[in-house]
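# Survey of secondary and tertiary structure
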Amino acid sequence: MKNILFTLALLISFNSFGQTAKEYFDNGIEKITNEDYYGAIADFTKAIEIDPNYAHAYTLRGDSKEDLKDYYGAIADYTKAIEISPSYSYAYASRGNTKFYLENHNGAIADFTKAIEISPSYSYAYNRRGVSKDYLEDYYGAIADFTKAIEIDPDYDYAYVNRADTKRQLEDYYGAIADYTKAIEIDPNDAYSYVFRGVSKDYLEDDNGAMADFTKAIEIDPDYDYAYARRGDVNLYSKKDYYAAIADYTKAIEIDPNYDYAYAFRGVAKEELGDLNGACADWKEAAKLGYDEAVKWVSDQCN
């Protein structure tokens, strides 16, 4: 029996040592698919030990580290992959994405630009470079990048959403609505686009259109607290339906008990109904959570 166990142990050991770098790499990919990022890192590391110039293994180990929010570790792996393969556009784009998460937007733009130089039809790199430009308030540069991503891939829903967000910041609400609408055509379950199309309609005083979009977002995602809060705003200020506003803000608070804005404006709705005690209770909670305007309301109107 001992001899059989010893033989099995040798076989297992032999098979383990006999695995190729490609086999470890493939195992790592499978583990990424199953969201076993630590296991994936172990397999990619083993592949790299066998083949120190395995650029793809460095890159996917970097992806796994990024998923675990080990951003500096991810950057080190992407950088190594680039040293091995200087024309590896995906490694540049991945490093750019990680720099974005570290709020190094200029560094991110440099990497996305390099990825585009290597692969001029890299729609993802254009889109992500646009997002970094948006964070740096280069709104027109961002729109140009999102537009290029869309030219390359006309069904790139995220590029439409990002371009819409930037247009909204520039107060181009009609342009934003058109882009959110296109994103919704591509993905009819895009609750985010419904909400912010509704926000854009609200700015254009299309109350019914805004309400319809907020309601649709809630149907898609019943836990979308911001959608409830924005629908509450329309009920409060445009429809003057204070009970409906209170119901919406209350739902937002149930989803996020620290939602200071929802407390503050539920208080406003209660004030409109003459319930100053209820309003003060909500404003005090909003003030405690950090909503500055509520502090003044409490000081001016509450005991």
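First, a word on what this report is: a plain description of the structure on this page.

Calculation notes
- Residues numbered from 1 in each chain as written.
- Predicted model: local features only at pLDDT ≥ 70, side-chain atom pairs only at ≥ 80, totals over all residues.
- Heavy atoms only, no water.
- Helix = DSSP H or I, 4+ residues; strand = E, 2+ residues; numbered from the N terminus.
- Rg over C-alpha atoms; globule rule 2.2 N^0.38 Å.
- Buried < 20%, exposed > 50% of the residue type's maximum accessible area, 1.4 Å probe, protein only.
- Contact = heavy atoms within 4.5 Å.
- Lys, Arg positive; Asp, Glu negative; His and termini not counted.
- Charge placed at Lys NZ, Arg CZ, Asp CG, Glu CD.
- Expected span 1.5 Å × (residues − 1).
- Disulfide = S-S within 2.5 Å.
- Phe/Tyr/Trp six-rings, centres within 6.5 Å; stacked < 30°, edge-to-face > 60°.
- Lys NZ or Arg CZ within 6 Å of the ring centre and 35° of its normal.

Attention now goes to the overall build of the protein. The helix and strand inventory of the protein stands at 18 helices and 0 strands. In summary, the protein has a C-alpha radius of gyration of 26 Å against a globular reference of 19 Å for 303 residues, an excess of more than 25%. Reported as C-alpha extents along the three principal axes, the dimensions of the protein are approximately 85 × 55 × 35 Å. Looking at the protein as a whole, 50% of its 303 residues qualify as buried. Contacts in the protein between residues at least 24 apart in sequence constitute 45% of all its contacts with a sequence separation of at least 6. Across the protein, the mean location of the 32 positive side-chain charges is 3 Å away from that of the 55 negative side-chain charges.

On to helix H7 (residues 105-118), then. Its 14 residues give H7 an end-to-end C-alpha distance of 20 Å, which sits within 8% of 20 Å, the value for a rise of 1.5 Å per residue. Looking at the packing, one finds that the buried side of H7 touches helix H6 (89-101) and helix H8 (123-135).

Let us look at helix H12 (residues 191-203). Its 13 residues give H12 an end-to-end C-alpha distance of 19 Å, which sits within 8% of 18 Å, the value for a rise of 1.5 Å per residue. Burial analysis of H12 places 11 of its 13 residues in the buried class, which makes it a mostly covered element. Every buried residue belonging to H12 is among Ala191, Ser193, Tyr194, Val195, Phe196, Arg197, Gly198, Val199, Ser200, Lys201 and Asp202, and all of these are buried. For H12, the elements touching its buried residues are helix H10 (157-169), helix H11 (173-186), helix H13 (207-220) and helix H14 (225-238).

Time to look at the state of the cysteines. Taken as a whole, this structure holds 1 disulfide when the rule is applied. One disulfide bridge connects Cys280 with Cys302, the sulfur atoms lying 2.0 Å from each other. Taking the sign of the torsion about the S-S bond as the criterion, the disulfide between Cys280 and Cys302, at about -95 degrees, is left-handed. Here Cys302 lies in the segment after helix H18 (292-301) and Cys280 lies in helix H17 (residues 276-288), a separation of 22 residues in the sequence. A relative accessible area of 8% means that Cys280 is categorised as buried.

Under the counting rule described, the total for this entry stands at 17 aromatic pairs. Seen in terms of ring centroids, Phe265 and Tyr291 are 6.1 Å apart; in terms of plane orientation they differ by 85 degrees. Their pairing is edge-to-face. Of this pair, Phe265 sits in helix H16 (residues 260-272) while Tyr291 is found in the loop between H17 and H18, placing the two residues 26 residues apart along the sequence. Under the relative-accessibility criterion, Tyr291 is labelled buried at 17%. With centroids separated by 5.3 Å and ring planes inclined at 55 degrees, the aromatic side chains of Trp283 and Trp297 adopt a geometry described as tilted. In this pair, Trp283 sits in helix H17 while Trp297 sits in helix H18, placing the two residues 14 residues apart along the sequence. Grouping residues by exposure puts Trp283 and Trp297 together as buried. Sitting above the plane of the Phe100 ring, Arg128 keeps its charged end 4.6 Å from the centroid.

Any link to function would need more than the numbers given here.
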